[in-house]
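Single-letter residue listing:
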Amino acid sequence: MAQASMGNGTGGASSNRPGGAGQIGAVRSASAKSKDVRLANVSAAKAVADAIRTSLGPRGMDKMIQGARGDVLITNDGATILEKMRVEHPAAKMLVNLAQAQDVEAGDGTTTVVVLCGALLAASQRLLSMGIHATTISDAFQRASDKALEVIESMAVPVNLMDRAALIKAATTALSSKVVSQYASLLAPIAVDAVLRVAPPAALATAADAAAQTATAGADSRAASSVDLSNVRIIKKLGGTLEDTQLLPGLALTQRPVQTAGGPTRMTHARVALIQFCLSAPKTDIDNTVVVQDYASIDRVLREERQYTMQMCKRIKATGCNVLLVQKSILRDATNDLSLHFLAKMKIMVIRDVERDEVAFICKTLGCVPIAGLDTFTADKMAKVEVVEEVPLGGGDDKVVVFHSGTGAPLRTNSGDVTASATGVDGGAESGATTPTATAGPAAPSLPNHAARGDTVTVLVRGSNVLVLDEAERSLHDALCVARSLVRKRSIVPGGGAVEIEVSVRLGEYAASLPGTAAYCVRAYAEALETVPYTLAENAGLGPIQIVTELRRRHVQGERNTGISAKRSGAVADMLAEHVLQPTLVSTSAFSLATEAARMILKIDDIVMTR
């Protein structure tokens, strides 16, 4: 028994030593598990990248996305495609978040950043199969990313924000890969003018002035030089074609003025109020039934309702208001026929069904304050606008309501400039109201020849169907973001895969100077970057191997601006001469975010499920 006990104890001690067979097996099991987890993560991320890879570039394909309710969406925007996809794997969701981060940071390059990340993960998978540790690969990728950013900065060409033509070229490049690319010559100037209109003066300062302001004011100056795209509102009006799209200064609404009982459609020297309450008789909080048994009671109910509505309209008129914007109500009708009749008789223009998401832009543009109740309806919460009118669009029956001054820009006044007196605004010609039968509105405002300063602008998009309108809105958003990126970082780089090939060549030279496994990792990073020009050539129907080989030869010889030109049926050409340009911020953001996401996925060795 003693010998048996000694033997068992010896065996237990042997299995618990550092070199014991049990611990070695556990280590091997953990290593195999981490390998399987990395393989699953990389495979899921690559699947997402491959799904949108065919939509990269001006010759990329479009995706038709059908929702659960049968709604159809046609687009080739990477962020939109990934947003609509039902992605379950956590690593794949990281690429969806990656595209959204690129969209927030630069607004363009959402497909490129996902394709780059997928290529880096594929390269890391090959390095892992060679026995290189994940941490070593991650650190080498970070070194390669830092070197890549240096190369991109050396390729950047400074841009003067006063050079409108250069900004339009960059915006045109962003639109060249969209469904509405044939209208890029129209949409690009609109996007550039819109950004220059709403940009703060600090953002439009010269490079020297901007550097001095940043050095003295720090973060406050950098915040002041950014462009808030919420000041640019895109409205869609079904009808016409995209050629009818135009940029309007200030505010424009697609809602039509109410013409019940001859309500006005044009108002000069307008006092505009935005209300969030209903102009109708009050109702109980719960459903109740009122039984009226005789005609006298019915007559009394109708008379009191009429008197109540009339008193509401009189109180509104007493403040001097002659243009009333009514927010849409979900509980009951915001107005009724009786209130509209009284307001028309008082020569007050009424615009109903203002959406909730339009309130902030209206208040910012006009300088008014939303009014929640009749008791708080005071003159200091209204805005003063010189002209509010309904104007036609083209030769059809479509019309929009525009708010502008005599110079075509929105007139903003302080709340103290609005008088509470009703003198001079009590209807008729004295109030500036015009009924539909009195005059026809003037022609619609034309596209400005230059970007005049203004606080907000509205882009009116026309289209023959809803799908075209939605895609035009997404394309305009990307063009606006490109112009904003040029304001933030005033330089451009050549497009057409020139940046990726140049960085790949320079990283290959840099890898030759590194020792050990770091050289393999940096070289793999450099080779992964060739996926972008390879995909551009493949989507254009060209020979990708021949194109990439020619690009490498040109860049080794020092032609760093050479890329793939879609204008020449895929010929290799100088991108600066072809005006194929993109903001430097788009490229630097794509490289940084793609590398960061790839490193994060690479260093995951286990997935823990929680309750």
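Residues numbered from 1 in each chain as written. Predicted model: local features only at pLDDT ≥ 70, side-chain atom pairs only at ≥ 80, totals over all residues. Heavy atoms only, no water.

Novice: Looking at this structure, how should I read the sheet that holds strand β3 (residues 157-158)?
Specialist: In a beta sheet, neighbouring strands pair by backbone hydrogen bonds and run either parallel or antiparallel. Strand order in the open sheet formed by 3 strands is β3-β14-β17, with antiparallel pairing between adjacent strands. Each edge of the sheet is formed by a strand with only one pairing partner; in this case those strands are β3 and β17 (581-583). Note: strand β14 (residues 491-494) against β17, 3 bridges, orientation antiparallel. Following the sheet pairing, Pro494 is matched in β17 by Leu581. (Pairing = 2+ DSSP bridges. Helix = DSSP H or I, 4+ residues; strand = E, 2+ residues; numbered from the N terminus.)

Novice: Please explain the nonpolar core as it appears in this structure.
Specialist: When a protein is soluble and globular, its nonpolar side chains tend to lie buried together. Residues Leu95, Val114, Cys117, Val503, Leu507, Tyr525 and Phe591 are the most contacted members of the largest nonpolar core, which totals 72 residues. In this structure Leu507 touches Ala144, Lys147, Ala148, Val522, Tyr525, Ala526 and Leu529, once residues within four positions along its chain are discounted. In terms of nonpolar packing, the next biggest core, distinct from the first, is built from 42 residues, Ala171, Ile190, Leu242 and Val459 among them. (Core = buried A, V, L, I, M, F, W, Y, C linked by side-chain atoms within 4.5 Å. Buried < 20%, exposed > 50% of the residue type's maximum accessible area, 1.4 Å probe, protein only. Contact = heavy atoms within 4.5 Å.)

Novice: Would you mind going over unusual backbone geometry with me for this structure?
Specialist: Working note: non-glycine residues mostly have negative phi, and peptide bonds are mostly trans. A positive phi angle, near 60°, is found at Lys347, a position not held by glycine. Mapped onto the elements, Lys347 comes out in the loop between α12 (337-345) and β9 (349-354). If you check the backbone angles, His579 has positive phi at about 65° while not being a glycine. Relative to the helices and strands, His579 resides in the loop between β16 (571-574) and β17.

Novice: Hey, could you run me through the sheet that holds strand β4 (residues 232-238) in this one?
Specialist: Strand order in the open sheet formed by 3 strands is β4-β13-β5, and the pairing between neighbours is mixed. Every other strand in the sheet has two partners, leaving β4 and β5 (246-249) as the edge strands with one partner each. Taken pair by pair, the neighbouring strands of this sheet meet at an average axis angle of 25°, ignoring direction. Relative to strand β13 (residues 457-463), β5 runs antiparallel, the two sharing 4 bridges. Its bridge partner lying in β13, Gln246 is registered against Leu460. Its contacts with the sheet put helix α14 (residues 466-488) on β4 and β13, and the angle it makes with β4 is roughly 160°. (Axes fitted to C-alpha atoms, helices over the stretch in contact; angles between N-to-C directions.)

Novice: Help me understand the pairing of strand β10 (residues 383-392) in this model?
Specialist: Where a strand is regular, its side chains alternate between the two sheet faces. For β10, a buried count of 7 out of 10 residues is recorded, marking the element as mostly surrounded by other parts of the structure. Pairing of strand β7 (residues 266-275) with β10, which is carried by 6 bridges, proceeds in the antiparallel orientation. Directly across from Thr268, in β10, lies its bridge partner Val387. One ladder, built from 6 bridges, connects β10 with strand β11 (residues 399-404); its direction is antiparallel. Its bridge partner lying in β11, Val388 is registered against Phe403.

Novice: Even after reading the chapter, I still don't get helix α18 (residues 544-556), so can you show me in this structure?
Specialist: A turn of α-helix holds 3.6 residues, and therefore any two residues three or four places apart point the same way. Across its 13 residues, α18 extends 18 Å between first and last C-alpha, which sits within 8% of the 18 Å expected from 1.5 Å per residue. Of the positions making up α18, those classed as buried are Pro544, Ile547, Val548, Leu551, Arg554 and His555. For α18, the angular spread of the buried residues around the axis is 125°, confining them to a single face. Those residues of α18 that are exposed and angled more than 90 degrees off the buried face are Ile545, Gln546 and Val556. Against α15 (498-511), α17 (531-539), β15 (562-565) and β16 lie the buried residues of α18. Count one or two residues on from α18 and you reach Gly558, which has phi positive near 105°. (Expected span 1.5 Å × (residues − 1). Arc of directions from axis to C-beta.)

Novice: I'm lost on the confidence of the model for the protein in this one. Help?
Specialist: Do not read the fine detail of predicted coordinates wherever pLDDT is low. Per-residue pLDDT for the protein averages 81, and the proportion of residues at 70 or more is 81%. Of the regions scoring below 50 in pLDDT, residues 1-18 engages in 7 contacts with residues more than four places distant in sequence or in other chains. Below pLDDT 50 for its whole length, residues 434-453 participates in 44 contacts with residues either more than four positions away or in separate chains. (pLDDT = per-residue confidence, 0-100.)

Novice: Mind showing me how you'd approach the pairing of β7 here?
Specialist: Most of β7 is tucked away: 8 of the 10 residues are buried. In the sheet, β7 pairs with strand β8 (residues 323-327) via 4 bridges, with the strands oriented parallel. Paired with Val272 across the bridge in β8 is Val323.

Novice: In this structure, what is going on with the layout of surface pockets? I would like to understand it.
Specialist: When its volume is computed, the largest pocket comes out at roughly 800 Å³. Together, 47 residues line the largest pocket, and Gly57, Pro58, Thr173, Ser176 and Ser177 are the ones closest to its centre. Elements supplying a minimum of two residues to the lining of the largest pocket: α5 (110-129), α7 (164-175), α15, α17, β15, β17 and α19 (584-602). The element contributing the most residues to the lining of the largest pocket is α7, with 5 residues. Classifying every residue of the lining of the largest pocket gives 16 nonpolar, 23 polar and 8 charged. (1 Å grid on protein atoms, 1.4 Å probe; cavity = no way out; pocket = protein on both sides within 12 Å on 5 of 7 lines; lining within 4 Å. Points joined across faces, edges and corners; volume = space filled by probe spheres on them. Nonpolar A, V, L, I, M, F, W, Y, C, P; charged D, E, K, R; others polar.)

Novice: What am I meant to see in the environment of Leu167 here?
Specialist: Looking at the secondary structure, you find Leu167 in helix α7. Taking C-alpha positions, Leu167 is 9.4 Å from Ile492, a pair spaced 325 residues apart along the chain. Beyond its immediate stretch of four places on either side in the chain, Leu167 contacts Val159, Leu161, Val192, Leu196 and Leu486.

Novice: Looking at this model, I keep getting lost on the packing of helix α6 (residues 134-155) against α15. Mind explaining?
Specialist: Any two packed helices are characterised by the angle at which their axes cross and by the distance between the axes. One way to put it is that α6 packs onto α15 with a least axis distance of 9 Å and a crossing angle of 125°. Taken together, the axes of α6 and α15 are oblique relative to one another. For the pair α6 and α15, the sense of crossing is right-handed. Where α6 approaches α15, its residues Arg143, Ala144, Lys147, Ala148, Val151, Ile152 and Met155 are matched on the opposing element by Ala498, Val499, Glu502, Val503, Arg506, Leu507 and Tyr510. In terms of residue class, the contact of α6 with α15 is made up of 10 nonpolar, no polar and 4 charged. (Parallel < 35°, antiparallel > 145°, perpendicular 65-115°, else oblique. Left-handed = near helix turned anticlockwise from the far one by under 90°.)

Novice: Sorry, what's going on with the environment of Glu578 here?
Specialist: Within the fold, Glu578 resides in the loop between β16 and β17. Assessed through its relative accessible area of 11%, Glu578 is described here as buried. Taking the C-alpha atoms as reference points, Glu578 and Gly495, 83 residues apart in sequence, are found 9.7 Å from one another. A polar contact is formed between the side chain of Glu578 and the side chain of Ser565, at a distance of 3.4 Å. (Polar contact = N/O pair within 3.5 Å; in protein donor to acceptor, adjacent residues only side chain to side chain.)

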